[in-house]
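# Inside the fold
In case you want the letters, here they are:
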Amino acid sequence: MTHQPPEQQLLQLLHGTGITIATAESCTGGLIASRITDVAGSSNYMLGSVVSYSNAAKQNILNVRQGTLMAYGAVSEPTAQEMATGAKKLFEVDYAISVTGIAGPGGGTPEKPVGLTYIGLAMPGDRTEVRRYQWKGDRLAVKKQSADAALQWLIEAIQAASR
């Protein structure tokens, strides 16, 4: 049995269900949305994506509060949560995944080292959860690992909700 990439698993999982998704990406720069939309038929469930690389974009497009950014920073659990919630509302979808992190090679600090990533998932019922990751590797490796983790979590959450 061959292992299917998560974007292909999403198609099989969501085809014909009416469940919709969106993404809000910072450090992944649209990689998650690109992977989802690489699959023919994804337009039936993928409604949109925001690459909110700047704090201004996070605030103006996704409604991340300035106070959140000032108190916790762009790379934080509260910011990931507000990004996911903002994308879910913006695109009026069932699920929205968000990613914010430090891909490197610069930008890291002792408190927030390169590779630190927060992934948020807004789900039906106004539930939002955030997971923290500390990846190893160069910039592209951090982006890929973040995208892989986000897609896998999205699949697991949708499967769990449909049981």
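You'll find the structure just up there.
Predicted model, so just to flag it, every value in this text is computed and none were measured.

As a further point, take the overall build of the protein chain. Along its length, the protein chain carries six helices and five strands. Taken from the N to the C terminus, the helices and strands of the protein chain come in the order α-β-α-β-α-α-α-β-β-β-α. For 163 residues, the compact-globule estimate of 2.2 N^0.38 gives 15 Å, and the protein chain sits close to it at 15 Å. Residue burial in the protein chain is summarised as follows: out of 163 residues, 48% are buried. The contacts of the protein chain with a sequence gap of at least 6 include a subset with a gap of at least 24, amounting to 62%. Summing over all exposed atoms, the protein chain offers an accessible surface of approximately 8000 Å²; the carbon and sulfur share of this is 51%.

With that settled, the discussion passes to the sheet that holds strand β3 (residues 95-101). The five strands lie next to each other as β2-β1-β3-β4-β5, forming an open sheet whose pairing is mixed. Two strands in the sheet have a free side with no partner beyond their single neighbour: β2 (46-51) and β5 (127-134). Here the strands of the sheet are splayed against their neighbours by 15° on average, with no regard to which way each runs. Here helix α6 (residues 139-161) sits on the sheet and contacts β1 (21-25), β3, β4 (116-123) and β5; the angle it forms with β4, its principal contact strand, is near 25°.

Here we take up the pairing of β1. The element β1 is extensively covered by neighbouring structure, given that five of its five residues are classed as buried. Two elements, β1 and β2, share five bridges in a ladder whose sense is parallel. Residue pairing in the sheet places Ile21 in a bridge with Met46 of β2. After leaving β1, the chain enters helix α2 (residues 31-37) and then returns to the sheet as β2, a path that is right-handed. Pairing geometry for β1 and β3, over five bridges, is parallel.

Tracing the chain through its elements places Ser52 in the loop between β2 and α3 (55-62). With sequence-adjacent residues up to four places away left out, Ser52 is seen in contact with Glu25, Ser26, Ala57, Lys58, Leu62 and Met83.

Mapped onto the secondary structure, Pro105 falls in the loop between β3 and β4. Distance from Pro105 to Tyr95, taken between C-alpha atoms, is 31 Å for residues ten residues apart in sequence.

What follows deals with the pattern of salt bridges. A complete count under the given rule lists five salt bridges for this structure. With a closest N to O distance of 2.8 Å, Arg65 and Glu82 form a salt bridge. One end of the pair, Arg65, is in the loop between α3 and α4 (66-72); the other, Glu82, is in helix α5 (residues 77-91), and 17 residues separate them in sequence. The class for Arg65 is exposed, based on a relative accessible area of 56%. The shortest N-O distance in the salt bridge between Lys144 and Asp148 comes to 2.8 Å. Placement of both Lys144 and Asp148 in helix α6 is noted, with a separation of four residues, approximately one turn of the helix. Taking relative accessible area as the criterion, Lys144 reaches 46% and is therefore assigned partly exposed. The network of salt bridges with shared partners includes Glu7, Arg35, Lys144 and Asp148.

What follows is about the pairing of β3. Each regular strand carries side chains that alternate between the two faces of the sheet. Of all seven residues that make up β3, seven are buried, and the element is covered over most of its length. Side chains Tyr95, Ile97, Val99 and Gly101 project from β3 onto one buried face, and the interleaved Ala96, Ser98 and Thr100 project onto a second face that is buried too. Where β3 meets β4, six bridges bridge the pair, whose relative direction is antiparallel. Its bridge partner lying in β4, Ile97 is registered against Leu121.

Conventions and cut-offs
Residues numbered from 1 in each chain as written. Predicted model: local features only at pLDDT ≥ 70, side-chain atom pairs only at ≥ 80, totals over all residues. Heavy atoms only, no water. Helix = DSSP H or I, 4+ residues; strand = E, 2+ residues; numbered from the N terminus. Rg over C-alpha atoms; globule rule 2.2 N^0.38 Å. Buried < 20%, exposed > 50% of the residue type's maximum accessible area, 1.4 Å probe, protein only. Contact = heavy atoms within 4.5 Å. Areas by Shrake-Rupley, 256 points an atom, 1.4 Å probe, with all protein chains shown as cover. Pairing = 2+ DSSP bridges. Axes fitted to C-alpha atoms, helices over the stretch in contact; angles between N-to-C directions. Right-handed = clockwise from strand over helix to strand, strands pointing away. Salt bridge = Lys/Arg side-chain N within 4 Å of Asp/Glu carboxyl O.

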